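As a plain string of letters, each chain reads:
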Amino acid sequence: MNTDVQSLTFTDTIYHVKRGGQGAVLEINNLDLWYEAAQALYNVTMQIEKGMVTAMIGPSGCGKSTLLRCINRMNDLIDGLRIKGEVRLNGEDIYTRGADVIALRKRMGMVFQKPNPFPMSIFENVIYPLRVDGVTDKTVLEETVERALKGSALWNEVKDRLQESALGMSGGQQQRLCIARAIAGDPEVLLMDEPCSALDPIATAKIEDLINELAGQYTIVIVTHNMQQAARVSNNTAFMYLGRLIEYGDTETIFQMPKSLRTQDYVTGRFG
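So, here's what we can say about the structure.

Observations concerning the packing of helix α4 (residues 138-151) against helix α6 (residues 171-184)
- Packing of α4 against α6 leaves a shortest axis separation of 8 Å and a crossing angle of 125°. Judged by the inter-axis angle, α4 sits oblique to α6. The hand of the α4/α6 crossing is right-handed. In this structure, α4 contributes T144, R147, A148, L149 and G151 to the contact, and α6 contributes L177, A180, I183 and A184.
- Considered class by class, the residues forming the contact of α4 with α6 number six nonpolar, two polar and one charged.

Shown next as structure tokens:
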């Protein structure tokens, strides 16, 4: 099987996502991305359904994290970046000239590979997005903390120590705290870049349970190397390879009846 980029033609990409009743919250159309002269994404087109969990899978370096960071324009921070195509959030092109990137990122919650709590109290970690917006109403802040911590299945574990440093929490608790911080601002989309890669199996199971609980309330896009995790938590799955979207569909189809031989080889462990 050829593995060079040139061997991947546009006809390799298969789109067969079953449309849900809520429509698409994110639309990615003919997206190309270059780092200086090196192209990293090739003509990616896909729609992310509202209220669904969409997993991005593929071998290391296939472009899935790059694509995820295009959604909230985190790639803008990289020198020499060039993008062609469009990404629409609820119909708005986020790459249009004059787009407010700061406002955009407030509409996106982001959870990274390693937990990154701030060196402050649990309470202040959760309300940090509200502090940035200048919210000072004590009742609003307290209600937000309780809502977000309950939403991240952390409230019962920390409700009596909200003023303690977040750095004293376990790794799994810290990651759930970061999820609480991400949802405190009630984002339209929650982005997760391998959120369990630094966690033990028990903490990973708790994060997966949390994703299942948040599904429906939030549109979630998760990048994962763990195919079993993708199968457990997602409604739809996108398989990427060498910067191209090879196949995208409902998770059961991708794992049990893929239409692309490359997808079948990957999900059955023949490569990757």
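Right, picking up where we left off after that structure.
Looking at the side chain of K64
- Relative to the assigned elements, K64 resides in helix α1 (residues 64-71).
- E194 provides the closest opposite charge to the buried, unpaired K64, separated from it by 5.3 Å.
- Here K64 is in contact with M56, I57, G58, P59, V223, T224, H225 and M240, once residues within four sequence places are set aside.

Points about α1
- Counting buried positions along α1 gives six out of eight residues, so the element sits mostly inside the fold.
- K64, T66, L67, L68, C70 and I71 are the residues of α1 that are buried.

Here's the deal with the environment of G109
- By secondary structure assignment, the location of G109 is in strand β7 (residues 108-111).
- Assessed through its relative accessible area of 3%, G109 is described here as buried.
- Once the C-alpha coordinates of G109 and D186 are considered, the two residues, 77 residues apart in sequence, prove to be 8.2 Å apart.
- Setting aside residues up to four positions removed in sequence, G109 forms contacts with A182, P187, V189, L190 and L191.

Considerations on the sheet that holds strand β3 (residues 38-49)
- If you walk across this open sheet you meet the four strands as β3-β2-β5-β6, and the pairing is antiparallel. Looking at which strands have only one partner, the edges of the open sheet turn out to be β3 and β6 (92-93).
- Relative to β3, strand β2 (residues 24-35) runs antiparallel, the two being bridged by eight bridges. The partner of Y35 across the bridge, within β3, is A38.

Here's the deal with the packing of aromatic side chains
- Per the counting criterion, the structure on display carries three aromatic pairs.
- A centroid spacing of 4.7 Å and a plane angle of 65° characterise the contact between F118 and Y128, whose relative ring orientation is edge-to-face. You can see F118 sitting in the loop between β7 and α3 (122-132) and its partner Y128 sitting in helix α3, a full ten residues away along the chain.
- Under the relative-accessibility criterion, F118 is labelled partly exposed at 25%.
- Given the relative accessible area of 37%, Y128 is considered partly exposed.
- Plain terms: the ring middles of F239 and Y266 are 5.0 Å apart, the flat faces sit at 25° to each other, and that makes the pair stacked. With F239 in strand β10 (residues 236-241) and Y266 in helix α10 (residues 261-267), the pair connects residues that are 27 residues apart, well separated along the chain.
- A residue is classified by how much of its surface remains accessible, and Y266, at 3% relative accessible area, is buried.
- Ring pairs connect the aromatic residues F239, Y241 and Y266, which therefore count as one cluster.
- The residue whose ring lies beneath R82 is W34, and the NZ or CZ to ring-centre distance is 4.0 Å.

Definitions and cut-offs
- For every chain, the first residue of the written sequence is number 1, and numbering continues from 1 along that sequence.
- Local features are withheld for residues below a pLDDT of 70 in this predicted model, meaning they are given only at 70 or higher, and side-chain atom pairs are given and counted only at 80 or more; totals for whole chains, interfaces and linings count all residues.
- The side-chain quantities take in all heavy atoms of the structure and omit both hydrogens and water.
- Fitted lines through C-alpha atoms serve as axes, helices being fitted only where they are in contact, and the angles separating the N-to-C directions of these axes extend from 0 to 180 degrees.
- Secondary structure elements follow DSSP: runs of H or I no shorter than four residues count as helices, runs of E no shorter than two count as strands, and numbering proceeds from the N terminus.
- Note on terminology: angles under 35 degrees are roughly parallel, angles over 145 are roughly antiparallel, angles of 65 to 115 are roughly perpendicular, and the others are oblique.
- Should the near helix be turned counterclockwise from the far one by less than a right angle, the crossing is left-handed, whereas a clockwise turn marks it as right-handed.
- We call two residues in contact whenever any of their non-hydrogen atoms come within 4.5 Å of each other.
- Residues are grouped as follows: Ala, Val, Leu, Ile, Met, Phe, Trp, Tyr, Cys and Pro are nonpolar; Asp, Glu, Lys and Arg are charged; every other residue, Gly included, is polar.
- Exposure classes here rest on a 1.4 Å probe applied to the protein chains alone. A residue is buried below 20% of its type maximum, exposed above 50%, and partly exposed in between.
- Charge counting follows a simple rule: Lys and Arg are positive, Asp and Glu are negative, and His as well as the terminal groups are ignored.
- In the sections that follow, a salt bridge refers to a side-chain nitrogen of Lys or Arg positioned within 4 Å of a carboxyl oxygen of Asp or Glu.
- When DSSP locates at least two bridges between a pair of strands, those strands are taken to pair.
- The criterion for an aromatic pair is that two Phe, Tyr or Trp rings (for Trp, the six-membered ring) have centres within 6.5 Å, with stacked assigned to planes under 30 degrees apart, edge-to-face to planes over 60 apart and tilted to the rest.
- Put simply, a charge is over a ring when the Lys NZ or the Arg CZ is close to the ring centre, within 6 Å, and near the line of the ring normal, within 35 degrees.

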